[in-house]
Amino acid sequence: MANMRRMSQRSVFSRELMHRLSSMPLAITLLTVLALASVIGTVLQQNQAQQDYLQQFGPLWYWVFRSLGLFDMYHTWWFLVLLGFLMVSLSFCLWRNVPRMLKEMRSHKVYISERAFSHIKQQRRWLVSADSAEHIADKLKQALKEWQWRQEERDGVLYLRADRGNRHKWGYIIVHSAILVILVGGWISVQFGLRGDMAVVEGSSENEISYLKGTHTEYKTMPFDVRCNSFEINFYPNGMPSEFRSNLTIIDHGKEVLTSDIIVNKPLYYKGVRIYQASFGDGGSHVKLKLFDLQGDRPPRIIDTQVYQTYKDDISGFSFEITDFRPHNVENMAAAGQPKDFQDLGPSVDFVIRGNGLKPVKMRSFLQPLEIDGENRGSIMMISTTGDKRDFQSIGLGLDLTNPKEWALYHAFISRLQRLKLEGKNARRMAFKSAMEEVFGDQRPKNFQQMAVRVINGVQALPQLPWAVLPVLDDYDQKYYTGLQLAKDPGMNVVWAGSALLVWGLCIMLYISHRKLWFIIRPQDGQWRVEMAGISNRNPLNFNREFHTLLSRAEQATAHNPSKGVDE
Amino acid sequence: MSMTQSMAAASPWFQGKPAFVRFWAYIGLMLGATGLALWGGDGYSEDSYIFQLTSMQGVLWLGTGLLLGAALAAIASVAKAEWGESPLAERLVSWGDGAVLMIAMMALFTLFEPSASALSYEDQSNLFSIKLIMAMNVLFLFSAICYILMLFAPESFVARMATGTAWMGVYVGGSMLLLRWYESYLFMDGSIGHAPVSNLYEVFMLLFCITVIVYLQWEKRYQAQAMGAFVMALVAAGVFFEIWLGSIGQADIKPLVPALQSYWMKIHVPLNFVGYGSFAVACGAGMAYLTRQWLEQRNPAMKVLKVFPSLEQLDQLAYKSVAVGFPAFTLATILGAAWAAEAWGGYWSWDPKETWALIVWLVYGAYLHVRISHGWQGRTLAWWTVSGFLVTVFCFLGVNMYLSGLHSYGRLS
């Protein structure tokens, strides 16, 4: 007996638990918590570099957020537990309600009590002359053929019931199962899927992907190699990129199996893995920089280095960490408020210059001098003292450093100025004249006026610079890397199946309404009294109208004379 | 979607056999266009498809489809009279008429476009669509004012003006969007042509049109004109925002970034806005509900109340709007996931836009849940539609303006 009681207690407990788990308040609470938790992840940027978080929040909050997993929130155990809870709740809800719904859809009670009938809002009655109630019933069934009919006789009264859209409960079942299917698909994706990044330099191949797990990066070797044959960027005429295109070759066990182009929105598919064009960057371009000696007498030297490498110049004591190379720099050259005027400033190289106790500074040096309206305005350079690209400020150097003669003129001029140590207009002019004779002799080059202006500007600008040497981009051999994303997602098709079910179920649920009609036919004064009533489980506005159409069809079918009608 | 309801009601073209035949003629037309795309002589190219349609070959395909559809429908309706009585055809045929009218208006407007030498990508202020945008703004603002005045003067000229200008705004707006699509091909030798759903400014105008269309359907069917004051007030607020966007230089037609170069854009974005627009109408109905209830509590004999639909009706209309918007929004989100799977390497990345779309989905999903399965209605749900719309607005605008992520092309630049 005691055992029995414990059993029943346990079953009461489990029933209660099931009831709780599948109850509406729990479902609504879960959805609310899920929604609120999701908001955190949108406000707090996910998967950024840890230093950035530390800088942004300070050590205390960084530690708090980090221990809650907020920097990779959607993969924390507590978020997954929430989703799991939702799945459990949904499953119990289905478990509890599906048998009842199926039963309801199968059984249709035909008999309706007077009381229940009188509560229905839409109803009418009228009198019909006919041989038998059966006869009237047949006529009604004939008139409303698209309805499902059932009938029952009780105490000499004929009850008819007609149904339409009684399958609408499948809508609930399908929608809830669909959400479950989607969640399962998502779980399969996370559990058995794979998603990582791979950077492949032009001309080389790679087989390792990297991905974030929590806050640290992990690596995985793919069963095949990807070689990037080329990467190119195409541009619209206004300088916006129009296309990123990589030409890839898949190498499987040393054999080239497939070569294809990929662009954004058109991935490559190989052995269940999709390869997407995700990003790009410099793949270690070779660059040559010309070092101009600003303080000494040395002629310009050429140094040969590569992006991502640091060149240490022993002569001047400066080092250059090359960080990026860009083949195009399209900028809007129009003044504020003027129509836009896009112009390509040409190739540039970014580097950080360090040494001689000076603060490290980020620089961008261009291959070509600046040209405005066809006029050479001399070389320019961008400098960011904070090291952030957004703080780049453009500095005009005055001189066109690509022209060796111009540099020679500048150098001759400035060394004379220093030697003379004289002030005054005349002395400067004499110095310039003598410098010019040294460089050009008697033959003045074309556009000499402009060059003179540039040299004089250079004399103003260059000595202001704190560095002993000035590196200027001289030549390059560009090489990109293409940033690929590789993904394998066995759960995807499950998700699509669930999605299709979801939309289908929603349409059934929202657009099919279950409408029921009752007819009660009983004898009255040698005639038959027909009572008709109808309800719909939703959309009463439309049903009111539909009921009136149905009524007139029913009345016509039973050849009812309107003058004898008794309105409710 | 006819311009005047009275015409639709009176004309035999919109009922019975003529409606049935015309409906199938439109279906045939669409099948013809599809056939051309699939099996046409020069193959399908998205950018030249419009020219294929207007070429001899296109006219043949479209004409054959149209005539076949009409002929088969005519035969069917003669062979069996009851087939000709199709409520679905009667309801949908005016949508076909509306679409044809919009396309015709757009074709007409192309004649007013400045000559090729006068056009410049840098300065787009002389495009004809700019004038149409202004006309649309004025029409919607005027309509909003009329709808509000109408509350105090129903049965008047103002009431007819309100509905009339709303319809005109829809047609001007719709044909303007089509024209803008055409205009995008006028720059840079057609290399930047794309559907006008690629930035915040363009989708705003799409949103107005969809919202007003959804609302006007309810007005046509359920005589809920007072609700228009609330829906059109929302639209008017949107119009001001759109004017502001234009004033800070967001109105230009710009090339598509590589991530947006996909046919998915044309499907995913408009479908999403069917969702947003319907939720806006639901919010309008909810506001009307709350206003009516508040007025009733203060003074049940107020004259204004006679104009309002009943509380039950407003409750129903809010639900109907959600019932239109929710499946569209669901499908749009799913198709967005399909696009993401194709472009970003995963169907769900917990990007802020995706996450907020999920939140919006949960809000309206919960609305339907408590309503359908638990029979809630009335005041609580009216508040629900209003606050749900606030969440929607954040998903639409707030995410673009305040949060960064993969959907950043919707951002103000």
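Residues numbered from 1 in each chain as written. Chains lettered and ligands numbered in written order. Predicted model: local features only at pLDDT ≥ 70, side-chain atom pairs only at ≥ 80, totals over all residues. Heavy atoms only, no water.

(A) Looking closely at the packing of aromatic side chains. Evaluated as defined, the whole model comprises 51 aromatic pairs over all chains. Above the plane of the ring of Tyr-111 of chain A lies Arg-154 of chain A, whose end atom (NZ or CZ) is 3.8 Å from the centre. Geometry around Phe-14 of chain B places Arg-22 of chain B over its ring, the cationic atom sitting 5.2 Å from the centre. (Phe/Tyr/Trp six-rings, centres within 6.5 Å; stacked < 30°, edge-to-face > 60°. Lys NZ or Arg CZ within 6 Å of the ring centre and 35° of its normal.)

(B) Representation of the interface of chain A and chain B. Listed per partner, the contact involves 51 residues of chain A and 57 residues of chain B. Both faces considered, chain A and chain B share a buried interface measuring about 4,700 Å² in area, 66% of it formed by carbon and sulfur atoms. Looking at the side of chain A facing chain B, the largest losses of area belong to Met-24, Asn-265 and Leu-541 of chain A, adding up to 14% of the total buried there. In this assembly, chain A and chain B are joined by zero salt bridges. Taken together, the connections running from chain A to chain B amount to 13 residue pairs in polar contact (both at pLDDT 80 or more). Among the elements of the structure, α2 (24-43), α7 (169-192), β7 (241-252), β24 (480-488), α11 (492-511) and α12 (540-557) of chain A are those that each provide at least two residues to the side of chain A that touches chain B. By residue number, the principal contributor to the side of chain A that touches chain B is α11 of chain A, which donates ten residues. (Contact = heavy atoms within 4.5 Å. Buried area = accessible area lost by both parts, 1.4 Å probe. Salt bridge = Lys/Arg side-chain N within 4 Å of Asp/Glu carboxyl O. Polar contact = N/O pair within 3.5 Å; in protein donor to acceptor, adjacent residues only side chain to side chain. Helix = DSSP H or I, 4+ residues; strand = E, 2+ residues; numbered from the N terminus.)

(C) Quick peek at the state of the cysteines. All names here are of chain B. One pass over the structure, following the stated rule, counts zero disulfides over all chains. Summary of cysteine pairing: Cys-146 is not part of a disulfide, and the nearest cysteine sulfur, belonging to Cys-209, is at 18 Å. According to the relative accessible area criterion, Cys-146 is buried, its value standing at 5%. (Disulfide = S-S within 2.5 Å. Buried < 20%, exposed > 50% of the residue type's maximum accessible area, 1.4 Å probe, protein only.)

(D) Quick peek at the sheet that holds strand β2 (residues 148-154) of chain A. Residue and element names in this part refer to chain A. Strand order in this open sheet of five strands is β1-β26-β25-β3-β2, and the pairing throughout is antiparallel. If you trace the sheet from one side to the other, it starts and ends with β1 (122-128) and β2, each paired once. Neighbour-to-neighbour, the strand axes of the sheet open up by a mean angle of 15°, direction not taken into account. Of the strand pairs in this sheet, β2 and strand β3 (residues 157-164) are connected by seven bridges, and their pairing is antiparallel. From the neighbouring strand, Gln-151 faces β3, where its bridge partner is Leu-160. Along the sheet, helix α6 (residues 133-143) makes contact with β1, β2, β3, β25 (515-524) and β26 (527-536), crossing β3 at roughly 10°. (Pairing = 2+ DSSP bridges. Axes fitted to C-alpha atoms, helices over the stretch in contact; angles between N-to-C directions.)

(E) Local environment of the sheet that holds strand β22 (residues 393-396) of chain A. Residue and element names in this part refer to chain A. In spatial order, the strands read β13-β14-β17-β18-β21-β22; together these six strands make up an open sheet with antiparallel pairing. Each edge of the open sheet carries a strand with a single partner, namely β13 (310-312) and β22. Within this sheet the neighbouring strands show an average axis-to-axis angle of 30°, counted without direction. Judged from the four bridges that link them, strand β21 (residues 380-384) and β22 form a sheet pairing that is antiparallel. Bridged to Ile-380 within β22 is Gly-396.

(F) Quick peek at a nonpolar patch on the surface. Judged by side-chain polarity, Trp-77, Val-81 and Phe-85 of chain A come together as a nonpolar surface patch covering roughly 360 Å² of accessible area. Here Trp-77 of chain A is to be found in helix α4 (residues 77-106). (Patch = residues over 30% accessible without salt bridge, like charges linked within 9 Å, V, L, I, M, F, W, Y side chains within 5 Å. Areas by Shrake-Rupley, 256 points an atom, 1.4 Å probe, with all protein chains shown as cover.)

(G) Spotlight on the domain arrangement of chain B. Residue and element names in this part refer to chain B. When the domains of chain B are assigned, the result is domain 1 (1-112) and domain 2 (115-410). A C-alpha centroid distance of 27 Å is found between domain 1 and domain 2. Of the residues lining the interface, 18 residues belong to domain 1; the matching set on domain 2 comes to 22 residues. Surface buried jointly by domain 1 and domain 2 totals about 1,900 Å² across both partners, of which 70% is contributed by carbon and sulfur atoms. For the pair domain 1 and domain 2, the number of links is zero salt bridges. The interface formed by domain 1 and domain 2 holds zero residue pairs in polar contact (both at pLDDT 80 or more) in total. It is helix α5 (residues 87-109) that provides the largest number of residues to the side of domain 1 that touches domain 2, a total of ten residues. Tallied by class, the residues present in the side of domain 1 that touches domain 2 amount to ten nonpolar, five polar and three charged. (Domains from an automatic or database assignment. Nonpolar A, V, L, I, M, F, W, Y, C, P; charged D, E, K, R; others polar.)

(H) A look at the environment of Asp-97 of chain B. Residues and elements named next belong to chain B. Take Asp-97: it is sitting in helix α5. The spatial distance from the C-alpha of Asp-97 to the C-alpha of Phe-23 is 9.4 Å, given a sequence separation of 74 residues. If we ignore the near neighbours within four places in the chain, the residues touching Asp-97 are Phe-14, Arg-22 and Tyr-26.

(I) Inspection of the nonpolar core at higher detail. Grouped together as the largest cluster of nonpolar side chains are 159 residues, with contacts concentrated most on Phe-140, Met-227, Phe-273 and Phe-396 of chain B. Tallying contributions element by element places helix α8 (residues 200-222) of chain B first for this core, with 16 residues. Counting contributing residues, this core receives three or more from each of domain 1 (1-112) and domain 2 (115-410) of chain B. Setting aside its immediate chain neighbours within four residues, Met-227 of chain B contacts Tyr-215, Trp-218, Val-281, Gly-284, Ala-285, Ala-288, Leu-314 and Leu-317 of chain B. Counting residues in each nonpolar core, the second largest holds 48 residues, with Leu-289, Ile-353, Leu-401 and Ile-414 of chain A among its members. (Core = buried A, V, L, I, M, F, W, Y, C linked by side-chain atoms within 4.5 Å.)

(J) Molecular detail of the pattern of salt bridges. All names here are of chain A. Inspection of the entire model under this criterion finds 23 salt bridges over all chains. Residues Arg-154 and Glu-152 are paired through a salt bridge, measuring 3.2 Å at the closest nitrogen-oxygen approach. Assessed through its relative accessible area of 35%, Arg-154 is described here as partly exposed. Across the salt bridge formed by Asp-350 and Arg-364, the nearest N and O atoms sit 2.7 Å from each other. Of this pair, Asp-350 sits in strand β17 (residues 348-355) while Arg-364 sits in strand β18 (residues 358-366), placing them 14 residues apart in sequence. Of the residues examined, Asp-350 reaches a relative accessible area of 1% and is grouped as buried.

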